[in-house]
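Next come the chains, spelled out residue by residue.
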Amino acid sequence: MSKSALILVDIQNDYFEDGRWPVDKMPEVAANAARLLAHARDRGQTVFHVRHEFLSDDAPFFRPGTPGAEIHSAVAPKQGEAVILKHRPNSFHNTSLHQDLKTAGITDVVICGAMSQMCIDATARAAADFGFGVTVVEDACGAKEQTFREQAVAAPQVHAAFMAALNGSYARVLSTEPFLAESE
C-alpha cells in the first residue's frame, strides 16, 4: 500500500505581485495549492513545506531573513509540519527531504509550487530518480516568462513545455480538480 506526502515548493512572498520576482498567476497557484494542503491535512497525510533562500544578501529575490523569502500565508505551515530550507532548485539537494520521506515510509509524492521550469522540474525529476511515485498538480504550479536567444517565451508556454516533458516519464501530471476527485 502506498503512503503519500504533499510537497509544497517555494510558495513564497517574493513570487507574488508585490514581491521581487513575480511569477505568472501566483494567486491562482497558491489557491490551488491551499486546496491540496487542506485535502492532505484532512486525510492526515504528511506535508513538507520547502522554502528557498539564496546564500547572498545580493540575490535578486529570496534574500536571507527577508519577508519575501517567507512562505506565503495562503499555505502557511501548521505546527508539526516540516519546513525544509534549500539553497538550490532541487528540493533534495543538501537537505533532509529524502531521508525524511524514507523515515516516514512515504512511497508517493504530490508536488506543487513554483517555478515550473526550475524547482518543480528539478524536484520532480529527483523524486522519480529516488524511486518515489510522483504526481505534479500543474495548476498548483507557476512559471515565469523566459528569454532564450532573444526569443521571449511567455509563462504559459514555459509552463506547458515543462509539464509536457515531466508527464509520463517522470511524473503523472494532473490538474487540481481531477486530482482531488480521484483522491476522494
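Just so it is clear, the model here is predicted, and its values are computed rather than measured.

The rules behind these values
- Residues numbered from 1 in each chain as written.
- Predicted model: local features only at pLDDT ≥ 70, side-chain atom pairs only at ≥ 80, totals over all residues.
- Heavy atoms only, no water.
- 1 Å grid on protein atoms, 1.4 Å probe; cavity = no way out; pocket = protein on both sides within 12 Å on 5 of 7 lines; lining within 4 Å.
- Points joined across faces, edges and corners; volume = space filled by probe spheres on them.
- Helix = DSSP H or I, 4+ residues; strand = E, 2+ residues; numbered from the N terminus.
- Nonpolar A, V, L, I, M, F, W, Y, C, P; charged D, E, K, R; others polar.
- Core = buried A, V, L, I, M, F, W, Y, C linked by side-chain atoms within 4.5 Å.
- Buried < 20%, exposed > 50% of the residue type's maximum accessible area, 1.4 Å probe, protein only.
- Pairing = 2+ DSSP bridges.
- Axes fitted to C-alpha atoms, helices over the stretch in contact; angles between N-to-C directions.
- Contact = heavy atoms within 4.5 Å.
- Right-handed = clockwise from strand over helix to strand, strands pointing away.

Take empty space enclosed by the protein next. According to the stated counting rule, one finds one cavity of 30 Å³ or more in the structure shown. The volume enclosed by the largest cavity comes to roughly 50 Å³. Lining the largest cavity, in full, are Ser4, Ala5, Leu6, Leu36, His39, Ala40, Gln45, Val110 and Phe179. Going through the elements one at a time, β1 (4-9) and α1 (26-42) are the ones with two or more residues in the lining of the largest cavity. Tallied by class, residues from the lining of the largest cavity come to six nonpolar, three polar and no charged.

Another aspect to go through is the nonpolar core. Among the nonpolar cores identified, the biggest contains 52 residues, and Ile7, Leu8, Leu101, Val109, Ile111 and Val136 are the most heavily contacted of them. Per-element accounting of this core gives the leading share, seven residues, to α1.

Time to look at the sheet that holds strand β4 (residues 108-114). The strands that make up a sheet are held in pairs by hydrogen bonds between backbone atoms, and each pair lies either parallel or antiparallel. Spatial strand order, β3-β2-β1-β4-β5-β8: six strands in an open sheet with parallel pairing. Looking at strand neighbours, the two that pair on one side only are β3 (82-86) and β8 (172-174), the edges of this open sheet. With direction set aside, neighbouring strand axes in the sheet form an average angle of 25 degrees. Of the strands in this sheet, β1, β2 (46-52), β3, β4 and β5 (133-142) touch helix α3 (residues 116-129), which is tilted by about 170 degrees from β4. Along the sheet, helix α4 (residues 155-166) makes contact with β5 and β8, crossing β5 at roughly 170 degrees.

Bringing the pairing of β5 into the picture now. Of all ten residues in β5, seven are buried, a share of seventy percent or more. Sheet topology places β4 next to β5; six bridges connect them, and they run parallel. Bridge pairing in β5 places Val109 opposite Val134. In the classification by handedness, the crossover that spans β4, the intervening α3 and the parallel β5 is right-handed.

Nothing here speaks to function; it is geometry throughout.
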